Amino acid sequence: PDRDHLVACLPKCELHIHIEGSLEPEMVFALARRNHIRLPWDSVEALRRAYAFGSLQDFLDVYYVGMSVLVTEHDFYDLALAYLRRAHADNVVHVEMFFDPQGHTSRGIAFDTVVNGLSRACTQAREELGIRASLIMCVLRHLDEADAQRTLDAALAHRDRIVGVGLDSSEKGNPPEKFARVFARARDAGFSLFAHAGEEGPPDYVWQALDVLGVARVDHGNRALEDDVLVARLARDRVPLTVCPLSNLRLRVVDDLRHHPLRHMMEKGLAVTVNSDDPAYFGGYVNDNFSAVARALDLSASDIVALARSSFTAAMMTDAERAAAL
Ligand code: HPA
Ligand code: ZN
């Protein structure tokens, strides 16, 4: 009520959103029809019923099939514009948007098709809505290093339209160090660096994200709390964690939102932000994530304001851009 009103009114940045994870079931079916693609589900309702996940991998299995309806530049444009309109309605003023090029190039879609469509939506949304949006290319960690290197080669041709490189997909068994050389090259090319770590994987993967890859932020990072030395390091260096409460609930990273570690993270001085991850799959956009976790943890108004403010500190913005956005 009051809390939800405050959440809705606050300007915020979204720093952990996979654009393919904003593909709503209705759009999956509309694009399947437009592109003559057969789906393993016969209705929107059947697809929604598939959204009962026991783990990250259960989700990823559905996520990669869902994104297979994206074929043309127009599809990527429609997807990103729909998300940016929805984010704007939540008072999001700045978005750093992940996309998974290998989820598309592996199906024969050109890297250019993906980037052209997404970046055209970002430009248009900036002009029409005033929302700022940039693109972060993620490397799929379940694939090999050579595939990642080829993807980075493709990204270099679009250096002006991609601000960063991240790491996502199946975490367990795919430690950050697997991509040490890819991230070193990305750093040399001037990309900002990010990695999912400590969602299902151990604290050691968070250490590797920091010390081997040299990331500017850790995506999720929940399991960092198991290691006090790591927590001290994250707090000391003010390394932002992009936390995603509804994702954590739906992927069983937490068993109940009342047990979500967000409050502990704040109390330990960690630079936490609240984000939606894959809003079409996990039951809510960014304000839904703020409201749900605030209710479950009984966060105060000043906690909520601190979380929204933290999203600006954690964003890849200059001080001038931050001042202009606020
Ligand atoms: N974790 C790992 N990979 C992902 C996620 C996630 O939460 N969402 C989309 N790809
Ligand atoms: Zn994610």
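Per an unreviewed UniProt entry, the protein goes by the name Adenine deaminase and belongs to Rhodoplanes azumiensis. A UniProt comment under Function (unreviewed entry) is attached to the protein, and it reads "Catalyzes the hydrolytic deamination of adenine to hypoxanthine. Plays an important role in the purine salvage pathway and in nitrogen catabolism." According to the UniProt record, the Sequence similarities (unreviewed entry) comment for the protein is "Belongs to the metallo-dependent hydrolases superfamily. Adenosine and AMP deaminases family. Adenine deaminase type 2 subfamily."

### Focus on the overall build of the protein
The helix and strand inventory of the protein stands at 17 helices and eight strands. Over its C-alpha atoms the protein spans a radius of gyration of 18 Å, differing by no more than 12% from the 20 Å that the globule rule assigns to 326 residues. A fraction of 75% describes how many contacts in the protein between residues 6 or more apart in sequence connect residues 24 or more apart.

### Remarks on the site of ligand 1
Every residue lining ligand 1 is accounted for by His 18, Gly 21, Leu 56, Tyr 63, Asp 168, Ser 169, His 196, Glu 199, Ser 247, Asp 277 and Asp 278. In terms of residue class, the shell around ligand 1 is made up of two nonpolar, five polar and four charged.

### Remarks on the sheet that holds strand β7 (residues 240-243)
Overall, parallel pairing links the eight strands, which are arranged β1-β2-β3-β4-β5-β6-β7-β8 in an open sheet. What marks the edges here is a single partner per strand, and that holds for β1 (12-18) and β8 (271-274). Neighbouring strand axes in the sheet, compared pairwise and without regard to direction, differ in orientation by 25° on average. With five bridges joining them, strand β3 (residues 132-140) and strand β4 (residues 164-168) adopt parallel strand pairing. From the neighbouring strand, Ile 136 faces β4, where its bridge partner is Gly 164. Strands β3, β4 and β5 (192-197) of the sheet are contacted by helix α9 (residues 180-188), whose axis makes an angle of about 150° with β5.

### Points about the packing of helix α5 (residues 73-89) against helix α7 (residues 111-129)
α7 packs onto α5 with a crossing angle of 35° between their chain directions and a minimal axis gap of 7 Å. When you trace α5 past α7, the crossing you get is right-handed. Contacts from Glu 73, His 74, Asp 75, Phe 76, Tyr 77, Ala 80, Leu 81, Leu 84 and His 88 in α5 reach Thr 113, Val 114, Asn 116, Gly 117, Leu 118, Arg 120, Ala 121, Cys 122, Gln 124, Ala 125 and Leu 129 in α7.

### Some words on the pairing of β8
Residues in a regular strand point their side chains to alternate faces of the sheet. In β8, alternate side chains face the same way, and those of Ala 271 and Thr 273 on one face and Val 272 and Val 274 on the other are all buried. Bridging between β7 and β8 involves four bridges; their strand directions are parallel. Bridging from a neighbouring strand, Pro 240 pairs with Ala 271 of β8.

### Some words on helix α8 (residues 145-156)
Helix length check: α8 (12 residues) gives 16 Å between terminal C-alpha atoms against 16 Å at 1.5 Å per residue, within 8%. Turning to α8, its buried residues are Ala 148, Thr 151, Leu 152 and Ala 155. Looking straight down α8, one finds that the buried residues subtend no more than 100° of arc, so they occupy a single side. Those residues of α8 that are exposed and angled more than 90 degrees off the buried face are Ala 146 and Asp 153. Summarising the contacts, the buried residues of α8 are in contact with α6 (102-105), β3 and α9.

### Some points on the UniProt feature "binding site: Zn(2+)" (unreviewed entry) in the protein
What UniProt calls "binding site: Zn(2+)" (unreviewed entry) maps, in this numbering, to His 16, His 18, His 196 and Asp 277. Spanning 262 residues, the named residues nonetheless gather at one spot, since no C-alpha pair among them exceeds 11.7 Å. Structurally, the position occupied by His 196 is in strand β5. When neighbours within four sequence positions are excluded, His 196 is seen to be in contact with Leu 167, Asp 168, Glu 171, Asp 219 and His 220. If you trace the backbone, Asp 277 turns up in the loop between β8 and α14 (279-282). You can call Asp 277 buried: it has 31 C-beta atoms within 10 Å. When residues no more than four places from it in sequence are discounted, the contact partners of Asp 277 are His 16, Ile 17, His 18, Gly 21, Cys 244, Ser 247 and Phe 282.

### Remarks on the UniProt feature "active site" (unreviewed entry) in the protein
Annotation from UniProt places "active site" (unreviewed entry) at Glu 199. By the element assignment, Glu 199 lies in the loop between β5 and α10 (203-213). With 23 C-beta atoms counted inside 10 Å, the residue Glu 199 sits in the buried group. Leaving out residues up to four positions away in the same chain, Glu 199 has contacts with Leu 56, Glu 171, His 220, Asn 222 and Val 253.

### Section: the confidence of the model for the protein
Taken residue by residue, the protein gives an average pLDDT of 97. The fraction at 70 or more is 100%. If you check the scores for this complex, the pTM reads 0.98 and the ipTM reads 0.97.

### Considerations on the environment of Gly 269
With respect to the element layout, Gly 269 can be found in the loop between α13 (262-267) and β8. The spatial distance from the C-alpha of Gly 269 to the C-alpha of Leu 47 is 40 Å, given a sequence separation of 222 residues.

### Thoughts on the packing of α8 against α9
Running from N to C, α8 and α9 point in directions that differ by 15°, and their axes come no closer than 9 Å. Regarding the angle of α8 to α9, the classification is roughly parallel. Crossing hand, α8 versus α9: right-handed. Residues Glu 145, Ala 148, Gln 149 and Leu 152 of α8 form the contact with α9, whose participating residues are Arg 181, Val 182, Arg 185 and Ala 186. Looking at the contact of α8 with α9, its residues break down into four nonpolar, one polar and three charged.

The rules we used
Residues numbered from 1 in each chain as written. Chains lettered and ligands numbered in written order. Predicted model: local features only at pLDDT ≥ 70, side-chain atom pairs only at ≥ 80, totals over all residues. UniProt positions renumbered as here; feature names shortened; annotations may be inferred. Helix = DSSP H or I, 4+ residues; strand = E, 2+ residues; numbered from the N terminus. Rg over C-alpha atoms; globule rule 2.2 N^0.38 Å. Contact = placed C-beta atoms within 7 Å. Near = placed C-beta within 6 Å. Nonpolar A, V, L, I, M, F, W, Y, C, P; charged D, E, K, R; others polar. Pairing = 2+ DSSP bridges. Axes fitted to C-alpha atoms, helices over the stretch in contact; angles between N-to-C directions. Left-handed = near helix turned anticlockwise from the far one by under 90°. Buried ≥ 20, exposed ≤ 12 C-beta atoms within 10 Å, placed from the backbone. Expected span 1.5 Å × (residues − 1). Arc of directions from axis to C-beta. pLDDT = per-residue confidence, 0-100. Parallel < 35°, antiparallel > 145°, perpendicular 65-115°, else oblique.

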